[in-house]
Amino acid sequence: MYKKWALTVIGAIVFLLVCSATVSYIVDPYGIYPVTRKSFNEHKIGNRDPYLVKTYNSRDYQPETIVLGTSRAMRLDPPLIEQITGESTYNLGLSASNSYIQFSHVESLLKRKNNLKTIIIGLDFETFDIEYKTHVNFAEKRVASPFYYFQDIASTLLTKKSLLDSYYVLYDNVKNRDKYTKSSTLDDGSFNAEIKLRSEVSVNDLKRIAIQYEVSLNSIEYIKKIQDLCNEQDIQLYLYISPIHAIILETFWQMDQWPVYEDWKRQLVSIAPIWDFSGYHDISMSSLNHDTYYDDLSHFSKETGNLMVYRMLGSEDYAPPWFGVQITPDNIEEHLQKLRESRSQWDYRDTDMQELIQDY
Amino acid sequence: MLFNSPHFIFLYLPFVFITYFLLNAWTATQRYSKPWLVVCSLFFYGWWNPAYLPLILLSILANYIVGRYLISHKSRPALLAGIVFNLGLLGYFKYLDFILSNVNSLFSANLPLMNIALPLAISFYTFQQISYIIDCYNGKVKEQSLINYSLFVTFFPQLVAGPIVHHRQMMPQFLQPAHHQINYENISLGIYIFSIGLFKKVILADQFSTTVASGMGVLDSITFFDAWIVALSYTFQLYFDFSGYSDMAVGLGLLFNIRIPINFNSPYKATNLQEVMSRWHITLTRFLYDYVYIPVNRKLSRSAFMTKTLRLKTEWITSLSLVLLFLISGIWHGAGWNFIIWGLLIGIGIIVYRLWRKTNIRLPKAIAWGITFAYVNVILVFFKVSSVNEALTFIKAMFGVNGAILPERLFSFLQPLEQLGIVFGPSDVPGKDKALIYIVLGFILILGFKNTSEKAATFKPTLITAIFIVLIFLYAVMDMNKMSEFLYFNF
């Protein structure tokens, strides 16, 4: 009697779990299993973890060029890069990622079969702060694992959420809707510019930015390690500093963080030449109320990203000549001096702040 | 590795279980199956941090050697050396920084803190082994093989967070030939108890934990109603988390035909504090009773306190021993003043109850339960909040010192309460509606239902129980996309 009970219970549990896993595997709501990617389930669930999806997709696509960095780097458009370089491109930009996460991905991709020829990395000052934490969704074991990480198999096949997401994917695909499948990330890993994230900027937003920074030597070291790997494997490495909005630059000034910001650039330049798109210029000082150059206070737009790609990859005629300077140990001091001087233009642009923040 | 992780449930457990019984079937002597369980248990332990493995191996080996020596030589110095070794390890890894920081505060010194990470389960395996060598000294232990002893300490169901098992309960079971064969009755009961424990942890405890986490973020400004919601959520979280873990341990033991003692017996049904503590973390209380309370009580009765000049009544000696027992229980739980205060408050609470009992005034059961449960909620604040000042602030909020806020939507019904100073508006603890539903559910479950061991005692392999277990197991296991550690892993 006990034998029958135990075997019935175990059998029923296994059967139901296998059924659930089969449905989730075939529908594949997160787009990480390659069996039925472009058919009845083409549009995947919108709210999916990019740290999970991009890890597997970047392996699966085996791109020749990858873009790394934070959500800002997600504004670099893979089709444009492919058009200029002829290399297949995947945007592996991950929201709030730091240089450790970027190094882990580079190391992992290079360890397995890959076609990598070019790596483009967006560098964001905030992510180099000593207090900046590695994102909770980053799983070291997932990135290092040669196959699917078991925890991911379980969470994408054996959970109520995966079953429910499978239903939502089927619903949207069958009904030809995007209620559940509208995503801020495109299949190529870049930001979906159709999604409007613009939100009101408040003084509190600025207070969050305005902290005392201390550059982490470890973070710098990971960039050095990436460069070493690229040198070993004969991979072209492009490093760039994002064109953050002048309002954010101004908080660095106001909080006396400009020397730290400059030192950060000096440290980076000692590793490799850097494209610096930051500074006080027509793009960074443009009004946030027009969405040409910025999606929001923190993120430049894909249009700005295109100008950066043109500048870095040699199609310079398409980018304004003042946008982006390649800095090296030879010209860094001169460049920093120019940036300091360019701040004088900010005074009469300060209206941007008042326009954005009523209680400024 | 966590019991509530897919790695454990889908990979580790089936592999260890099947291989164990295959090895048993292969050789009747358990020549390979016991070492297999030891190796698997050490793997289970090392999964968190392999760096802790040498420490537990050293501890096992040292205690085994001391124990062996004590069995053949009743040597007090050897026993003391063994106890000092165990307490020394525990003291170094768990209490050194606490002592240093207090020395720094007291003497305005600047001794550098060691920042030593607490090795997992050290409090549990240290206590188990102290009891072993004491019993070796007292002639209560027969010669054991190293494998048997290692299995007693490392057996994975109870290794990380108890129940604290006694060698008298465990070691004879490892030797019984009948325990080496598959026993479907035990397997059925094991699945039954494990599933209930998994449900308690994944569905109940983890839900309460979200409210607790929100409350901990606003300790300074929390108000009356929110404070009670957070306090009740923590009271339930702690119970469902730890009793869930203990259920899982008992269930897992049964899969291997090993009966692990129960650790909880509906503590929140108790109508006095002494009863609460005799039903809560039973194996720790029993250990402290046997190895602290009784020896201390005996010592106090026979020596200093019973001289002609200073003669204490038995009742006072008992009270003193009780306070000491729970003080040590508090210190065992963690290196912090909050745990010391928590332990003292339990001891004092029990003494007050014992004095009250002498008055022969009987409170109605509901009132006695209400007072007991409220007191448990208040003192558990010290268990949760490591800063004593913050804990006091929180307790003040529980007594209404920070005012009270009710949701705006209740204004039309409860407007008169505004006269009492209650504000209607938003508060800092989100998701209170859901939290309240879970608190009500928590009360229904702890007061209206039998506990796991009572359910297990009447377990019948029927279709209804099969459907019940399949449903709760699947519901819990398919909710494991957010794994969380057990609270007692910190102790």
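About the criteria used
Residues numbered from 1 in each chain as written. Chains lettered and ligands numbered in written order. Predicted model: local features only at pLDDT ≥ 70, side-chain atom pairs only at ≥ 80, totals over all residues. Helix = DSSP H or I, 4+ residues; strand = E, 2+ residues; numbered from the N terminus. Rg over C-alpha atoms; globule rule 2.2 N^0.38 Å. Buried ≥ 20, exposed ≤ 12 C-beta atoms within 10 Å, placed from the backbone. Contact = placed C-beta atoms within 7 Å. Pairing = 2+ DSSP bridges. Expected span 1.5 Å × (residues − 1). Arc of directions from axis to C-beta. Axes fitted to C-alpha atoms, helices over the stretch in contact; angles between N-to-C directions. Parallel < 35°, antiparallel > 145°, perpendicular 65-115°, else oblique. Left-handed = near helix turned anticlockwise from the far one by under 90°. Nonpolar A, V, L, I, M, F, W, Y, C, P; charged D, E, K, R; others polar. Domains from an automatic or database assignment. pLDDT = per-residue confidence, 0-100.

**Things to note about the overall build of chain A**
A tally of regular secondary structure across chain A gives 14 helices and six strands. The C-alpha radius of gyration computed for chain A amounts to 23 Å, which stays within 12% of the reference 21 Å derived for 360 residues, consistent with globular compactness. Seen through its C-alpha atoms, chain A measures out along the principal axes to roughly 85 × 50 × 40 Å. Burial analysis of chain A (360 residues in total) assigns 39% to the buried set. A separation threshold of at least 6 residues defines the contact pool for chain A, and within that pool the share at least 24 residues apart is 76%.

**Looking at the overall build of chain B**
The number of helices and strands found in chain B is 20 helices and two strands. Computed over C-alpha atoms, the radius of gyration of chain B comes to 24 Å, within 12% of the 23 Å expected from 2.2 N^0.38 for 491 residues, which places it in the range of a compact globule. Counting the 491 residues in chain B, one finds 43% classified as buried.

**A closer look at the pairing of strand β3 (residues 118-123) of chain A**
A regular strand places its side chains on the two faces of the sheet in alternate fashion. Residue and element names in this part refer to chain A. Judged by how many residues are buried, β3 sits mostly within the fold: five of six residues are covered. Where β3 lies against strand β4 (residues 236-241), six bridges are found, and the strand directions are parallel. Its bridge partner being in β4, Thr118 is matched across the sheet by Gln236.

**Comments concerning helix α7 (residues 160-175) of chain A**
All names here are of chain A. Spanning 16 residues, α7 covers 22 Å between terminal C-alpha atoms, matching the ideal 22 Å at 1.5 Å per step. For α7, the complete set of buried residues consists of Ser162, Asp165, Ser166, Val169 and Asp172. With its buried residues spanning 135 degrees around the axis, α7 presents them on a single face. Residues of α7 that are exposed and point more than 90 degrees away from the buried face comprise Val174 and Lys175. Looking at the packing, one finds that the buried side of α7 touches α1 (2-27) and α6 (150-157). Two residues or fewer after α7 comes Asn176, characterised by a positive phi angle close to 55 degrees.

**So, the packing of helix α4 (residues 99-111) of chain A against helix α9 (residues 217-232) of chain A**
Residue and element names in this part refer to chain A. The N-to-C vectors of α4 and α9 enclose an angle of 20 degrees; their axes lie 8 Å apart at closest approach. With respect to α9, the element α4 is oriented roughly parallel. Crossing geometry of α4 relative to α9 is assigned as left-handed. Across the interface between the two elements, Ser99, Tyr100, Gln102, Phe103, Val106, Glu107 and Leu110 from α4 touch Ser219, Tyr222, Ile223, Lys225, Ile226 and Leu229 from α9. Looking at side-chain class alone, the contact of α4 with α9 contains eight nonpolar, three polar and two charged residues.

**Observations regarding the interface of chain A and chain B**
At the interface, 18 residues of chain A touch 19 residues of chain B. Listing elements by their share of the side of chain A that touches chain B, those giving two or more residues are α1, α6 and α7 of chain A. Residue contributions to the side of chain A that touches chain B peak at nine residues, all from α1(A). Here the residues of the side of chain A that touches chain B sort into eleven nonpolar, four polar and three charged.

**A look at the domain arrangement of chain B**
All names here are of chain B. Split into domains, chain B comes out as domain 1 (6-182) and domain 2 (187-490). A separation of 27 Å is found between the C-alpha centroids of domain 1 and domain 2. Put simply, the parts of the chain that give the side of domain 1 that touches domain 2 at least two residues each are α1 (6-26), α4 (76-107), α5 (122-137), α7 (156-159) and α8 (167-175). Residues belonging to the side of domain 1 that touches domain 2 are distributed by class as follows: 17 nonpolar, seven polar and one charged.

**Considering helix α2 (residues 50-61) of chain A**
With twelve residues, α2(A) should cover 16 Å at 1.5 Å per step; its first-to-last C-alpha distance of 15 Å lies within 8% of that length. The first or second residue beyond α2(A) is A:Gln62, which carries a positive phi of 45 degrees.

**Considering the packing of helix α10 (residues 224-255) of chain B against helix α15 (residues 365-384) of chain B**
For any two helices packed against each other, the geometry is given by the interaxial angle and the distance between the axes. All names here are of chain B. Between α10 and α15, the least distance of the axes is 9 Å, while the angle of their chain directions is 75 degrees. Taken together, α10 and α15 sit at an angle that is classed as roughly perpendicular. Facing Ala231, Leu232, Tyr234, Thr235 and Leu238 of α10, the residues of α15 in contact are Val376, Asn377, Leu380, Val381 and Lys384. Class assignment of the residues belonging to the contact of α10 with α15 gives a composition of seven nonpolar, two polar and one charged.

**Comments concerning the sheet that holds strand β2 (residues 89-91) of chain A**
Residue and element names in this part refer to chain A. As summarised here, the arrangement of the six strands in space is β2-β1-β3-β4-β5-β6, forming an open sheet in which the pairing is mixed. The sheet is open, and its two edges are formed by β2 and β6 (325-327), each paired on a single side. Neighbour-to-neighbour, the strand axes of the sheet open up by a mean angle of 20 degrees, direction not taken into account. In the packing of helix α11 (residues 258-269) onto the sheet, the strands contacted are β3, β4, β5 (274-276) and β6, and the crossing angle to β5 comes to about 150 degrees.

**So, unusual backbone geometry**
Of note, A:Asp256 is a non-glycine position whose phi angle comes to about 60 degrees, a positive value. C-beta crowding within 10 Å serves as the criterion here: with 9 such atoms nearby, A:Asp256 is assigned to the exposed category. Backbone geometry at B:Ser266 places phi at a positive 50 degrees, although glycine is not the residue there. You can see B:Ser266 is positioned in the loop between α10 and α11 (273-279). Look at B:Ser266 and you get buried, because 20 C-beta atoms sit within 10 Å.

**Describing the environment of A:Ile235**
All names here are of chain A. With respect to the element layout, Ile235 can be found in the loop between α9 and β4. Between the alpha carbons of Ile235 and Asn192 there is a distance of 28 Å; along the sequence they are 43 residues apart. The residues touching Ile235, leaving out its near neighbours within four places in the chain, are Leu116, Lys117, Thr118, Ile119 and Cys230.

**Examining the pairing of strand β1 (residues 65-68) of chain A**
All names here are of chain A. In β1, alternate side chains face the same way, and those of Thr65 and Val67 on one face and Ile66 and Leu68 on the other are all buried. Note that β1 and β2 share three bridges and pair parallel. Following the sheet pairing, Ile66 is matched in β2 by Tyr90.

**What to know about the confidence of the model for chain B**
Mean pLDDT over chain B: 89, with 96% of residues reaching 70 or higher. Scored by ipTM, the complex comes to 0.86, with pTM at 0.86.

**Some thoughts on the environment of B:Ile260**
Residue and element names in this part refer to chain B. By the element assignment, Ile260 lies in the loop between α10 and α11. Classification of Ile260 as buried rests on a count of 24 C-beta atoms within 10 Å. Separated by 90 residues in sequence, Ile260 and Met170 have C-alpha atoms that sit 7.6 Å apart. What Ile260 contacts, discounting residues up to four positions off in sequence, is Pro157, Gln158, Pro163, Val165, Ala249, Val250 and Gly253.

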